[in-house]
Every structure is written in C-alpha cells, then in structure tokens.
Amino acid sequence: MFWLRAIQFALLTFCMGSSSFTASRLGAANAPVSAAQIALYQGADREKLLIEGAKKEGQVVFYNSHTWFKAVAQEFEKKYPFIKVAEWRADGADVMKRVIEENRAGRFLSDVVESTAGNIGGLHKNNLLQEHASPELRFFDDDVVAKGKRGVFYWADRETYISLGFNTTHVAVADAPKRLNDLLDPRLKGKMSLAGGATSARWVGAVVESAGREFIEQLGRHDINVHKLSGAALANLVVTGEVPISPTIFDSNIFVAKRKGAPVEWLPVEPVIANVGYSGIVSKAPHPHAALLLIDYLHSKEGQQFIVKGGLSSPRDDVESLVNQKFKKVYFEAKYSVDEYEKKLSEWEELIQKHFIRKR
C-alpha cells in the first residue's frame, strides 16, 4: 500500500503543479486544493469548479469604499442566489486598516477588497493580496492591472473623476467656472467648499503641479470652507444647496443626483483627478471560490455595465461609459510609487491646513 500511496502522491503533485489539472482529477485523488491553486487555475472547467465550491461556501465577504457597490453586490446575488454577500463599506483608508488589523490578529474574515490605488496598493505592499487569474483580464489594458508572475494582484474596476460640482439654483451653468483661473472670481468668495481627507488633498496636489503653489495661496484668500466629509457626503450638501459649489466633487455623485431630479451639474475644470478603484482577493480568503466568482463578475461586461449605471466609468475595453471623458486627467497612481504618493499627500494636506483652515 505504501508504494501505491507514493504513486498517487506523485501523480497528484504533477497535476497540481500543471496549469491543466482539472477538478475531476483532483476529486479522483481525493486531495484538498489550496486557495492559491484555485486562484490561478485556468482550466476549461474553471467556472464549474468555482460554482461547486461557492455553493459549499455559501457566502463572500466584500469590503469596499464606494456607495454603489452595495447595489453591485445585490446584482451579484441575483446571478448567484446560492451566495450571500456580506458587504461592508468605509473610507478607503479604513478599509485598508481593517484588513491589516484583522490579518495581524489572525482573523481572516474578508474575501474581496475594493478601493483606490493608494489603499489597495498598501495591502499589496503588506503581502495581503492573493495573486489570481481571470478570463476577463484580456479586456483590460496593462496600465490598470498590477501584474504578478502568473496573474494579477489587483486590477481596475471603476473610474470616477474629481472636479467641479455645483447647485444650479445658486450658480448658473453659464456663470460656472470653466477654467482653473475662474475659481478666483470674486463672486465665488465664501461660496466654495472643499471635501476632507485625501479627496481635497489630491485636488490641491493636482493644482499645485499644474499652476503652482501661488494659485493655492490666492485661492486661500477667498474664504474657502473645508468640511470633514467625504466627497460623497459633500456632494449631498451640494444637492441640498448648503454648499453652492466645490471643485472636489465626484462626477458619479452628481450624475446619480441629477438623474433623480436634483438641480446640480458637474463640469471638468482641468486638472481633473482620475480616481481609479481596484479590486483584489485577500490572502487566506475564507471563501476562495466565491471570491473568484465575485472578482470575475466585477470585471465582466455584465458587471461593468451595471457599475456604469451608478455613474462610474469603466476601464474595460468593450464597455462605454455614460460620462463624457474627453478632458485631461491626472493619474497620480501611475505617476508615483505608494511611498512617494503617501509623502505627497502629507505635503498637500499641510497646504490645506496652512491656506484654508488655519486662516479661518
């Protein structure tokens, strides 16, 4: 029996090391399959293998940092009714912090994580993302994927743009700023607000790199209000008219509000910051089969088309976005490394403190 088991073990090792092993072979060998092997498997029976495994797992835990992904999770549940999505949303930095803290505590709860490059890049830097493959990868350009040796660690699933949002009851479209210098119009003094955190810091950084620090100093003399709110929360104040105008508003938030009849508008006043969302699978994900199905869905044509319905733009080659993208965009993630970007954010946040907060 020893020699028989040795032969079985050798055959199993060969099958698992090859990209052509199948679920039926693994089942015949009666051996477990690791999450890493499942993540990189590209056999013809991949979908069948994932569905069978996901039915046993029954759920997937999805951490993200955009409001629309709650609706996306619900659509995924319709497609796979045997999978319950435990969806949790927070600011991107909080998402990253939670995954890191859970990992340090040995509590592996999350399966799929979605956030912007600085946050998900931080998880990758801490070796907390699982390299994986997907048949949907062929529809995404190399500049929106973080490649590994055999697959990717994370890849783009959405784009939004940060620029000028305003309430048309307070600021007419004809009178709204069209260029950066128009923000210095005396008629806007005391009416303009900035979002809090990284959203405003990124906008200030783009302005500094485009027009210099002198422009920020000039703008600081126009009684700019800084709110300790996310871009989405500040957009809600634009909708109600409590904030007449802000250059730190996401196009997607205005698109959704305008579709509901709100008197709001969004204009791309360059420089426009591209806010790219990426998703990946967490290392030691407790539900690896369901996690892969969710990753596939997020990047599939079907999933991307639904993401676009939320006012987001798609990085997928064969999906058209609803928002006109014909304007110059700033991609900080492609320009700086994670460490450089963190340093720059600190510098820009200090400029906000100096010119907009401490002056008041």
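Computed from a predicted structure; not experimentally measured.

### So, the pairing of strand β3 (residues 112–116)
Piece 1. For β3, a buried count of 5 out of 5 residues is recorded, marking the element as mostly surrounded by other parts of the structure.
Piece 2. Relative to β3, strand β1 (residues 59–64) is paired through 3 bridges, and the arrangement is parallel. Bridging from a neighbouring strand, Tyr63 pairs with Val113 of β3.
Piece 3. Relative to strand β11 (residues 272–282), β3 is paired through 5 bridges, and the arrangement is antiparallel. The residue of β11 that forms the bridge with Val112 is Ile281.

### A look at unusual backbone geometry
Of all residues except glycine, most have a negative phi; of all peptide bonds, most are trans.
Piece 1. Residues Glu270 and Pro271 are joined by a peptide bond in cis, for which omega reads 5 degrees.
Piece 2. Within the element layout of this structure, Pro271 appears in the loop between β10 (264–267) and β11.
Piece 3. With phi around 60 degrees, Asn127 is a residue other than glycine that occupies positive phi space.
Piece 4. Here Asn127 lies in the loop between α7 (117–125) and β4 (129–130).
Piece 5. At Lys284, a residue that is not glycine, the phi angle is positive and equals roughly 60 degrees.
Piece 6. Along the polypeptide, Lys284 turns up in the loop between β11 and α12 (288–299).
Piece 7. Lys284 sits in the exposed class, given a relative accessible area of 57%.

### Considering helix α15 (residues 338–357)
Given 3.6 residues per turn, any residue in an α-helix points the same way as the ones three and four places further on.
Piece 1. Over its 20 residues, α15 runs 27 Å from end to end, which matches the ideal 28 Å to within 8%, given 1.5 Å per residue.
Piece 2. In this fold, the buried residues of α15 make contact with α7, β7 (193–194), α8 (197–211), α9 (213–219), β8 (225–226) and α14 (332–335).

### Overview of empty space enclosed by the protein
Piece 1. Evaluation of the coordinates by the stated rule reveals 1 cavity of 30 Å³ or more.
Piece 2. For the largest cavity, the calculated volume is near 60 Å³.
Piece 3. Its residues assigned to classes, the lining of the largest cavity comprises 5 nonpolar, 3 polar and 2 charged.

### A few points about the layout of surface pockets
Piece 1. Considered as a void within the structure, the largest pocket measures approximately 820 Å³ in volume.
Piece 2. If you go around the largest pocket, you meet 36 residues; those closest to its centre are Asp91, Gly92, Thr116, Asn119 and Ala198.
Piece 3. Elements represented by at least two residues in the lining of the largest pocket include exactly α6 (92–104), β3, α7, β6 (152–167), α8, α10 (231–240), α11 (251–259) and α15.
Piece 4. At 6 residues, α15 tops the list of elements feeding residues into the lining of the largest pocket.
Piece 5. When the residues that make up the lining of the largest pocket are grouped by side-chain class, the tally is 11 nonpolar, 18 polar and 7 charged.
Piece 6. What lines the second largest pocket is a set of 26 residues, among which Asp143, Val144, Val276, Tyr278 and Tyr331 lie closest to the centre.
Piece 7. The set of elements that each furnish at least two residues to the lining of the second largest pocket consists of α7, β5 (145–147), β6, β11, α14 and α15.
Piece 8. For the lining of the second largest pocket, the residue count by class is 15 nonpolar, 5 polar and 6 charged.

### A closer look at the confidence of the model for the chain
Piece 1. Per-residue confidence for the chain gives a mean pLDDT of 89; residues scoring 70 or more make up 89%.
Piece 2. Every residue in residues 1–32 scores below 50 in pLDDT, and together they form 24 contacts with partners more than four places removed in sequence or on other chains.

### Some details on the packing of aromatic side chains
Piece 1. Taken as a whole and assessed by the stated rule, the structure comprises 13 aromatic pairs.
Piece 2. Ring centres of Trp68 and Phe306 lie 5.3 Å apart, and the angle between their planes is 20 degrees; this geometry places the pair in the stacked category. With a gap of 238 residues between them, Trp68 in the loop between β1 and α5 (69–79) and Phe306 in helix α13 (residues 301–309) connect regions that are remote in the sequence. For the residue pair Trp68 and Phe306, the accessibility class agrees, reading buried in each case.

### Structural notes on the pairing of β10
Piece 1. By the alternation rule, side chains of β10 split into Val264 and Trp266 and Glu265 and Leu267, which are all buried.
Piece 2. Pairing of β6 with β10 involves 4 bridges; the strand directions are antiparallel. The partner of Phe166 across the bridge, within β10, is Glu265.

### Examining the environment of Val276
Piece 1. In this fold, Val276 is placed in strand β11.
Piece 2. The class for Val276 is buried, based on a relative accessible area of 1%.
Piece 3. Distance in space between the C-alpha atoms of Val276 and Thr116 is 5.6 Å, their sequence separation being 160 residues.
Piece 4. Dropping the residues within four chain positions of it, Val276 is found in contact with Ser115, Thr116, Ala117, Ala156, Arg158, Glu159, Tyr331 and Glu333.

What counts, and where the lines are drawn
- Residues numbered from 1 in each chain as written.
- Predicted model: local features only at pLDDT ≥ 70, side-chain atom pairs only at ≥ 80, totals over all residues.
- Heavy atoms only, no water.
- Buried < 20%, exposed > 50% of the residue type's maximum accessible area, 1.4 Å probe, protein only.
- Helix = DSSP H or I, 4+ residues; strand = E, 2+ residues; numbered from the N terminus.
- Pairing = 2+ DSSP bridges.
- Expected span 1.5 Å × (residues − 1).
- Contact = heavy atoms within 4.5 Å.
- 1 Å grid on protein atoms, 1.4 Å probe; cavity = no way out; pocket = protein on both sides within 12 Å on 5 of 7 lines; lining within 4 Å.
- Points joined across faces, edges and corners; volume = space filled by probe spheres on them.
- Nonpolar A, V, L, I, M, F, W, Y, C, P; charged D, E, K, R; others polar.
- pLDDT = per-residue confidence, 0-100.
- Phe/Tyr/Trp six-rings, centres within 6.5 Å; stacked < 30°, edge-to-face > 60°.

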